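Analysis of the macromolecular model
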Amino acid sequence: MQTVYLLVPLVCLVPAIIAGLFGWKIGRVATHLLAISGVALACGLSVWVFLDVLAGNEFNGTVYAWGVTGGIPLEMGFLIDRLTATMMVVVTFVSLMVHIYTVGYMREDPGYQRFFSYIALFTFAMLMLVMSNNFLQLFFGWEAVGLVSYLLIGFWFQKESAIAANLKAFLVNRVGDLGFLLGIALVLMHFGSLDYAAVFASAPHLAGQNVELFAGHGWDLMTVITILLFIGAMGKSAQVPLHVWLPDSMEGPTPISALIHAATMVTAGIYMVARMSPLFELSEVTLNVVMVIGSLTAFFMALVGLVQTDIKRVVAYSTLSQLGYMTVALGASAYSAAIFHLATHAFFKALLFLAAGSVIIALHHQQDMRKMGGLRRAMPWTWLTAWIGTLALVGIPPFAGFFSKDAIIEAVQLSQLGASGIALVAVTAGVFVTSLYSFRLLFLVFHGRTRMDEKTRDHAQESPWVVTLPLVLLAIPSVIVGFLYLEPMVFGNFFGEAIQVAPAHDVLGRLAEEYHGKRGSDLLLAFLWHGVQGLPFLFAVAGLIVAWFLYLEKPDLPGVIHKRLGFFSRILEHKYGFDEFNRFVFAGGARRLGGLLWKIGDVRIIDGGLVNGSARLVGWVSAAVRQVQSGFVYHYAFAMIIGLFVLLTLFLKL
Amino acid sequence: MDLQLPIFYFFATILVAAASLVVTLRNPVKAALALVLAFFSAACLWVLLEAEFLGIVLLLVYVGAVMVLFLFVVMMLDINIAQLRSGFGEYLPIGGIVAALMLLEMVLVLGASGFDLQGMPNPAPQPADYSNTRALGMLVYTDYVYPFELAAVVLLVSIVAAIALTLRKRKDTRYQNPAEQMAVRRDDRVRLVKMPSEAKRESGR
Amino acid sequence: MNLLTQSYPDLVPAVPELFVLTMACIILLLDLVLSVRWRNASFLLTLYTLLGASLLTLQDIGEAGRYTFNGMFVDDLLSDVLKVGTYLLVACVLVYSRRYMLERKLFRGEYFVLVLFGVLGMMVLASASHMLTLYMGLELMALSLYTLVALQRDSRTAIEAAMKYFVLGALASGMLLYGISMLYGVTGTLDIAGVAAGVRAKGVDNLTLGFAVVFVIVGIGFKLGAVPFHMWVPDVYEGAPTSVTLYIATAPKLAAFAIIMRLLVGGLVDMAGMWQDMLILLAVVSIALGNVVAISQSNIKRMLAYSTIAHMGFLLLGIIANSENGFGSAMFYALVYSFMSLGAFGVILLLSDQGFEADKLEDFRGLNRRSRWLALLMLILMFSMAGIPPTAGFFAKMAVIQAVIEAGQVWLAVVAVLFAVVGAYYYLRVVKLMYFDDPDQQRDITAGWDARLLLAGNALALVLVLPWIGALLDLCAAAIRAIPALP
């Protein structure tokens, strides 16, 4: 089985290398066949591993130790449990869909092979991340997916805005990664190991220990470690205030938005926190922080989605908001619910992105929703799958999103942490906003009047099968995953030992008690019935109605509202001014500081002293050496004699 | 009584003086001759140490063969002495100072105390009929056979090197090949050509 | 004393040496008989000799040290590893050089014979357990090298380089011999283990011993090319035919390491307090001068010569640490360095052709446009020389510096790293020339497939060796433990 584990990432890496180095030689068709078959194999193997793990065969071991430093072994190892296996299936499946879709979407792009190389490499990196059994490999995967993300956002590197966006993503992620790295360093310092099992085993003994970051101020060790790790997760999973890069990442090609910036990479933070549950459970402070950050993201980012006009950006803000939901679930210690939502979200959000991409191709790279509308007839498959995706996102039963989201809201309701009050308000209200912007998108794009010019309208047609096939294949899990896995994931302690929850925080356990004694379809029906009666469902339906009223019945009304609430809409249009703040304080401050340092440090000391100085030194030494290196043998011999003489004189203790 | 000491100092003085002359004399022929003298004194010192075989070999090989060859070369080549010596005076002061300091250091360091003279006393004098050569041969072909053979390889390499670096096949060198000469037939050398008789032309036309 | 009473020396440990010697003589004779068209036969025979020697050496690798020839010859793990490294290096040298030598009409019997005799000298050095054999090996190797440099008789620069090399080499070997004679005077023996015992008995404060050590260090410094005994290096590297430079720049470094191990560590380990200080001076000056002066060179052979000087300084760092770890890392450094050097000069050889020496930095301009593959290989080689991870060069530097830090000489490590950064400049300049400049010329690269293939393996090995670095370091440490004098 170990070979299979090893094979899963490798079958993605090999095509990545071949496509990257020799893609220009082997041609387009060979490249995509290679990449798709590699990822398909990985997907198949992942499913096999998943079934194997369900049968009880877990694995935790080192595959290869590549170094030892300071007594710490640096290893490459795999931890295959249910959590990992779930992630593997999600990652490889979505990746496979995106690979197939790319064949159609990137058809005319000159960087076709490069693109396949990147996405295959991404799949490899992501697999390394989720399969890791130690912090170092986790960090490797973490940085590798970040790198690929950087490369892909700037895939169209001739585009000014793409370059700005990838730089932004890179810098913001650095902030998160710094925290993450510091967290890992603290773990190493206090636990003396980087291995998950060893760290988790000794975590309870170190709980309550203090660490003095500044002399005299003792801070709870676990809180510091988990907050630092969570900062890493905030960067990668785009939580407020490190979320600013995700909307801009939409500059990349749409398959990438689906694969990396919606379905998989951004969920790495969620996965990481779930994986670190034995640590996070030891600090209530951190859990509160996590919940507050999550609820802020969930609600406020959803609001911004209301005013966006770019189809991809709406979906991007929706992603932010949904990541917020997952984070809230993490804060409430409902890790299983978070992973459940992660999985369902991966399917339906990838679906929505790919559907948006399908629309974009049909309209020749028009992304402005104000210039769409009425595409239902032209693109029936896209329309249908987009409806499924939207219903799943909004949380209409029995679509997948309903179960996972409702589980989160229920869990928050049962949580006894201080922040659960705010969180509950945010996630519940968020449902309404989600519903509103989702249906706004759906109505503006597929229904109502067509607002595009004649020519575009006439050319608008359904995308080729390589595009629609993934849509359909993604639509299936978006419908069924919810009720298939609700019971095991939320109620059934599906992840076993992989996720540890302190009894005091065990919200899902309490939730299970409420449905005590019910199993199978009974449980499902009870959950459905409970959900339909609840506020979130009402909000979702209300969102649908309001959206229908505003964007189909009275299309003039939104403009009026927009004007009336000028102040609020301006705030939303400026996305709360995060970008402006960053630009002024961080970028501007850094630039001013840099300018100062440049003038003093660079120009005077480095350029003046070191650079010119070293050039002068080289020139001077060379000139001196040239004098001695004259080509005359007796000069050389004499130099040797002098050397002998110096050694004799210096080192002979007379 | 102990005649050895005065004899040693006598030859040692000659040796040092001759060696100094080798480097200071302006005329290369004279320098070579001074070197012969130095070799000779060294051979005498070896004989004094009862290493008669080595002393004689030194004379035979170096003085008899190498130096004579060397003298021939020096005498046949017209070496511009003035040019060779041009840098000498220029570097003399600094070279001299370094040499003097080195000498001083060596004198200070290399006293008899450093060497284990008590641990290694003089061997007992051998009788007159003791064969130096045989003893050397015994050692060289048994205990020291490996370095001895290596020395042979070094010599082989130097032969190869000397030939490789100097032997040239010149196209313009003339040499006889007796085998070819013997195999010559008349037809190779003489060709009979039939010519029609011509009428005598008028001169001047 | 009777010849018959002497036991016949055990020849088994020395079988590789005997084999190489026999084959060298056979090739010498064959070359006389074979016509010019059969030159390739000598070439192949030389390669087979090296192959055979490595098989003979490998068959008893790992066995405990075996002495023979009255204790003058030792066959232990250290000698075996160094010998196998030498065979491999020299075989690559021959393959890389074939076309170059053919085009310059140097592809002659003497060349192979001298190369093989040089190899024999290095083997003798690696297996020396007696000052006499050590010296004989040294001279055998040196004499072959001098001649090889001069082999291109029509080239003034080659003759001049050979002359310099010869005169200075004779001077250095005279000094080494003088040092050895002092050691004999003090300890009364030339056997290396005996010298070690004698030193222990005499005490390390013995002035004459100190005096001897200085002269030994000078001899070693010359062989390594450490400042201030380095003056021959740039002139010889530049003047010699590139194929001979390739030879000088690779295998003899292993031999020099063998001298250090046998003489300095095997015989004089108790004097470490003294030679450490001297080597620190040599190492620091070598690293500094080598790296700084290399920057201002425009001839790549000369640049690599100065880079050699700097690298030898790094090698000395491992010796300075005076620990098993340190010696092991120095050995690893020597091995890695010789293979990097092999590759770098190999690229120069491959780029050269009839009447054209690719030995100017300008000749590398725009190499990427002319041959992506060669440029990539050179990139790897330069990265490795500069010590950029994940190349073997990086790990070699790291191991050496780690050993120095363990020995408590942190300042030395800092200085070494600083100058390594300076050194990165000129390696990266080559990369810059290859990738960012336009080519001056459009010569086709006419190298043969065999050399190309081998070079690719050579360069890629510096990266692909990564998983086995630990094993190699362990092997080096095990080889070091074979030296009896070590505590």
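Residues numbered from 1 in each chain as written. Chains lettered and ligands numbered in written order. Predicted model: local features only at pLDDT ≥ 70, side-chain atom pairs only at ≥ 80, totals over all residues.

1. Looking at the overall build of chain B
Using the following cut-off: Under the scheme used here, helices are H or I runs from DSSP no shorter than 4 residues and strands are E runs no shorter than 2 residues, and both carry numbers assigned from the N terminus. Three exposure classes are used. Buried residues have 20 or more other C-beta atoms within 10 Å of their own C-beta, exposed residues have 12 or fewer, and partly exposed residues fall in between, all C-beta atoms being placed from the backbone. Here, residues touch in the contact sense if the C-beta positions derived from the backbone fall within 7 Å of one another.
Along the backbone of chain B there are nine helices and zero strands. Put simply, chain B runs from its N terminus to its C terminus through helices and strands in the order α-α-α-α-α-α-α-α-α. Every one of the 205 residues in chain B was classed for burial, and the buried ones make up 12%. Counting contacts in chain B only where the partners sit at least 6 residues apart, residues at least 24 apart contribute 55% of the total.

2. Topic: the overall build of chain C
Looking only at helices and strands, one finds 20 helices and two strands in chain C. The buried share of chain C, reckoned over its 487 residues, is 61%. Put simply, 80% of the contacts in chain C that link residues at least 6 apart link residues at least 24 apart.

3. Section: the confidence of the model for chain B
The cut-off we apply is this: Confidence scores labelled pLDDT are given residue by residue by the predictor and lie between 0 and 100.
Looking at chain B as a whole, the pLDDT averages 82, with 88% of positions reaching at least 70. Within chain B, helix 4 (residues 81-84) of chain B has the poorest average pLDDT of any element, 62, and helix 7 (residues 145-166) of chain B the best, 92.

4. A look at the interface of chain C and chain A
Which entries qualify depends on this criterion: Think of it as three bins: nonpolar holds Ala, Val, Leu, Ile, Met, Phe, Trp, Tyr, Cys and Pro, charged holds Asp, Glu, Lys and Arg, and polar takes everything else, Gly as well.
Facing the 27 residues of chain C at the interface are 20 residues of chain A. Among the secondary structure elements, those contributing two or more residues to the side of chain C that touches chain A are helix 6 (156-187), helix 8 (207-224), helix 9 (232-239) and helix 12 (272-295) of chain C. Its residues assigned to classes, the side of chain C that touches chain A shows 22 nonpolar, two polar and three charged.

5. Observations concerning the environment of Phe222 of chain C
Residues and elements named next belong to chain C. In this fold, Phe222 is placed in helix 8. Residue classification places Phe222 among the buried positions, given that 26 C-beta atoms sit within 10 Å. When the C-alpha atoms of Phe222 and Ala256 are compared, they prove to be 9.3 Å apart, with 34 residues separating the residues in sequence. Ignoring any residue separated from it by four or fewer positions in sequence, one finds Phe222 in contact with Ala172 and Phe229.

6. Things to note about the packing of helix 1 (residues 2-54) of chain A against helix 3 (residues 112-131) of chain A
Residues and elements named next belong to chain A. Operational definition: Working convention: axes come from line fits to C-alpha atoms, limited for helices to the stretch in contact. Angles between N-to-C directions cover 0 to 180 degrees. Throughout, the term roughly parallel applies to angles under 35 degrees, roughly antiparallel to angles over 145, roughly perpendicular to angles from 65 to 115, and oblique to all others. By definition, turning the near helix anticlockwise from the far helix through less than a right angle yields a left-handed crossing, and turning it clockwise yields a right-handed one.
Between helix 1 and helix 3, whose axes approach to 9 Å, the crossing angle comes to 170 degrees. Regarding the angle of helix 1 to helix 3, the classification is roughly antiparallel. With respect to the hand of their crossing, helix 1 and helix 3 are arranged in left-handed fashion. Grouping the amino acids of the contact of helix 1 with helix 3 by side-chain chemistry returns 20 nonpolar, eight polar and two charged.

7. Considerations on the interface of chain B and chain C
Listed by partner, the interface residues are 24 residues for chain B and 34 residues for chain C. Broken down by secondary-structure element, the contributors of at least two residues to the side of chain B that touches chain C are helix 6 (132-141) and helix 7 of chain B. By residue class, the composition of the side of chain B that touches chain C is 18 nonpolar, four polar and two charged.

8. Describing the packing of helix 13 (residues 300-321) of chain C against helix 14 (residues 324-351) of chain C
Each pair of packed helices can be described by the angle between their axes along with the distance between the axes. Residue and element names in this part refer to chain C. Axis separation between helix 13 and helix 14 bottoms out at 7 Å; the angle between their running directions is 170 degrees. As judged from the angle between their axes, helix 13 and helix 14 are roughly antiparallel. Mapping the contact onto sequence places Ile300, Lys301, Leu304, Thr308, His311, Phe314, Leu315, Gly318, Ile319 and Ala321 in helix 13 and Asn325, Gly326, Phe327, Ser329, Ala330, Tyr333, Ala334, Tyr337, Ser341, Ala344, Phe345 and Ile348 in helix 14. In terms of residue class, the contact of helix 13 with helix 14 is built from 14 nonpolar, seven polar and one charged.

9. A short note on unusual backbone geometry
Here the amide bond leading from Val240 of chain A into Pro241 of chain A is cis, since omega sits at 0 degrees, within 30 degrees of zero. Note that Pro241 of chain A resides in the loop between helix 7 (221-236) and helix 8 (245-248). Look at the link from Pro389 of chain C to Pro390 of chain C: it is a cis peptide, with omega at 5 degrees. Here Pro390 of chain C shows up in the loop between helix 16 (372-386) and helix 17 (392-406). The phi dihedral of Ala238 of chain A is positive, around 55 degrees, even though this residue is not glycine. The topology assignment puts Ala238 of chain A in the loop between helix 7 and helix 8. C-beta crowding within 10 Å serves as the criterion here: with 30 such atoms nearby, Ala238 of chain A is assigned to the buried category.

10. Some thoughts on helix 14 (residues 335-362) of chain A
All names here are of chain A. Here is the rule we go by: Given a helix with a known number of residues, its expected span is that number minus one, times 1.5 Å. In this scheme, the bend at a residue equals the angle between the axes fitted to the seven residues that finish there and the seven that begin there.
In this model helix 14 runs 40 Å from its N-terminal to its C-terminal C-alpha over 28 residues, within 8% of the 40 Å that 1.5 Å per residue would give. If you look at helix 14, its biggest bend is around 25 degrees, right at His345. Just downstream of helix 14 lies His364, where phi reads positive at about 55 degrees.

11. Notes on the nonpolar core
To be explicit about the condition: Among buried residues, those of type Ala, Val, Leu, Ile, Met, Phe, Trp, Tyr and Cys that are joined through C-beta atoms within 7 Å form a set called a nonpolar core.
Core analysis: the biggest nonpolar cluster contains 221 residues, and Leu116, Leu120, Leu125, Leu140, Val149 and Leu317 of chain C have the highest contact counts within it. If you tally residues by element for this core, the top one is helix 14 of chain C, at 19 residues. Residue contacts for Leu120 of chain C: discarding those within four places in its chain leaves Val153 of chain B together with Glu17, Val20, Leu21, Ala24 and Leu140 of chain C.

12. Here we look at the environment of Thr250 of chain C
Residue and element names in this part refer to chain C. Within the secondary structure, Thr250 is located in the loop between helix 10 (242-248) and helix 11 (251-267). The class for Thr250 is buried, based on 25 C-beta atoms found within 10 Å. A C-alpha to C-alpha distance of 7.0 Å links Thr250 and Phe339, two positions 89 residues apart in sequence. Not counting the four nearest positions on each side in its chain, Thr250 is found in contact with Leu89, Val93, Ser338, Ser341 and Leu342.

13. A closer look at the environment of Gln402 of chain C
All names here are of chain C. Following the sequence through the fold, Gln402 ends up in helix 17. Accessibility expressed as a C-beta count within 10 Å gives 17 for Gln402, which makes it partly exposed. Distance from Gln402 to Ala413, taken between C-alpha atoms, is 8.1 Å for residues eleven residues apart in sequence.

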